[in-house]
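Working through the structure, step by step
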Amino acid sequence: MPRIIEVIVSPKGETKLQTKGYVGNDCLQASKFLEEALGIPLSEGKTAEFYEAAANEQQVRQQ
Amino acid sequence: MSHIVRIQTRVHDPAAINSACQRLGLPVPNHGTARLYSGEATGLLVQFPGWQYPAVIDTLTGTIHFDTFEGRWGDQAQLDKFQQLYAVEKAKLEARKKGFQVSEQSLQDGSIKLNIIEGS
């Protein structure tokens, strides 16, 4: 899956950034340059995909 | 992995400001001091059509000073559109600096979506 940063800017100029296709904690670093360039972070959350990948990593380590 | 960040836009970059103005068909803003109803403000002056006072962009703080008296002296929607286009143009500038590919798409609710893909 290609690594994508999706940016959606609302009609009022509020911006939402979402990273897709990154492995591990790379997703947190991937969009940092855009977050810092665009303004002040209001909130941050991890998606279900983030936790699924973390759970898979943990399972692999336990085997 | 994936995470989502919501951001309040701060208007710092003159190049992105110019691009946003261009998209709106506005002249490139000049630096100056304007007298608003609430007092003087210094920065990049953007005169929106039909506005009594210019909007003044302080690029150091990234904030915009304006007086519209709740829409009586100017349509807020024009400033909103400017802020939207600023964020779009700024994101595109930064992504291209890093060599990423960018595509832009208008959404039905009036939002603008960018897909930024890392180069191969």
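Counting residues at the interface gives 45 residues for chain A, matched by 33 residues for chain B. A buried area of about 3500 Å², summed over both sides, lies between chain A and chain B, and 58% of it is on carbon and sulfur atoms. Connecting chain A to chain B are three salt bridges. One can count 18 residue pairs in polar contact (both at pLDDT 80 or more) joining chain A with chain B. Of all the elements in the fold, those that place two or more residues in the side of chain A that touches chain B are β1 (4–9), β2 (15–20), α1 (26–30), α2 (32–38), β3 (39–46) and α3 (48–62) of chain A. Here the side of chain A that touches chain B takes eight residues from β3(A), the largest share from any one element. Residues of the side of chain A that touches chain B, tallied by class, amount to 21 nonpolar, 13 polar and eleven charged.

What follows concerns the sheet that holds β3(A). What the six strands build is an open sheet, ordered β3(A)-β1(B)-β2(A)-β1(A)-β7(B)-β6(B); its pairing is antiparallel. The two strands at the open ends of the sheet, each matched to only one other strand, are β3 of chain A together with β6 (101–106) of chain B. If you compare each strand with its neighbour and ignore which way they point, the axes differ by 20° on average. Pairing analysis gives six bridges linking β1(A) to β2(A), with the strands arranged antiparallel. By the bridge assignment for β2(A), Glu6(A) is matched with Gln18(A). Seen against the sheet, helix α2 (residues 76–97) of chain B touches β1 and β2 of chain A together with β1 (3–9), β6 and β7 (112–117) of chain B and runs at an angle of roughly 5° to β7(B).

Looking now at the pairing of strand β4 (residues 55–58) of chain B. Residues and elements named next belong to chain B. Residue alternation in β4 divides its side chains into two sets, Ala 55 and Ile 57 and Val 56 and Asp 58, and both sets are buried. Where β4 and strand β5 (residues 63–65) come together, three bridges link them in antiparallel fashion. The residue of β5 that forms the bridge with Ile 57 is Ile 64. The turn linking β4 back onto β5 is made up of four residues, and Gly 62 within it adopts a positive phi angle of 80°.

Take the pattern of salt bridges next. The final tally for this structure, using the stated rule, is 13 salt bridges over all chains. Between Arg3(A) and Glu118(B) there is a salt bridge whose closest N-O contact spans 3.0 Å. A residue pair is termed interchain when its members come from two chains, as with Arg3(A) in the segment before β1 and Glu118(B) in the segment after β7. Judged by its relative accessible area of 25%, Glu118(B) falls in the partly exposed class. The salt bridge involving Asp80(B) is made with Lys12(A); its shortest N-O contact spans 3.6 Å. With Asp80(B) in helix α2 and Lys12(A) in the loop between β1 and β2, this residue pair bridges two chains. Asp80(B) sits in the buried class, given a relative accessible area of 10%. When salt bridges with common partners are traced through the structure, they connect Asp13(B), Lys90(B), Glu94(B) and Lys97(B) into a single cluster.

Conventions adopted
- Residues numbered from 1 in each chain as written.
- Chains lettered and ligands numbered in written order.
- Predicted model: local features only at pLDDT ≥ 70, side-chain atom pairs only at ≥ 80, totals over all residues.
- Heavy atoms only, no water.
- Contact = heavy atoms within 4.5 Å.
- Buried area = accessible area lost by both parts, 1.4 Å probe.
- Salt bridge = Lys/Arg side-chain N within 4 Å of Asp/Glu carboxyl O.
- Polar contact = N/O pair within 3.5 Å; in protein donor to acceptor, adjacent residues only side chain to side chain.
- Helix = DSSP H or I, 4+ residues; strand = E, 2+ residues; numbered from the N terminus.
- Nonpolar A, V, L, I, M, F, W, Y, C, P; charged D, E, K, R; others polar.
- Pairing = 2+ DSSP bridges.
- Axes fitted to C-alpha atoms, helices over the stretch in contact; angles between N-to-C directions.
- Buried < 20%, exposed > 50% of the residue type's maximum accessible area, 1.4 Å probe, protein only.

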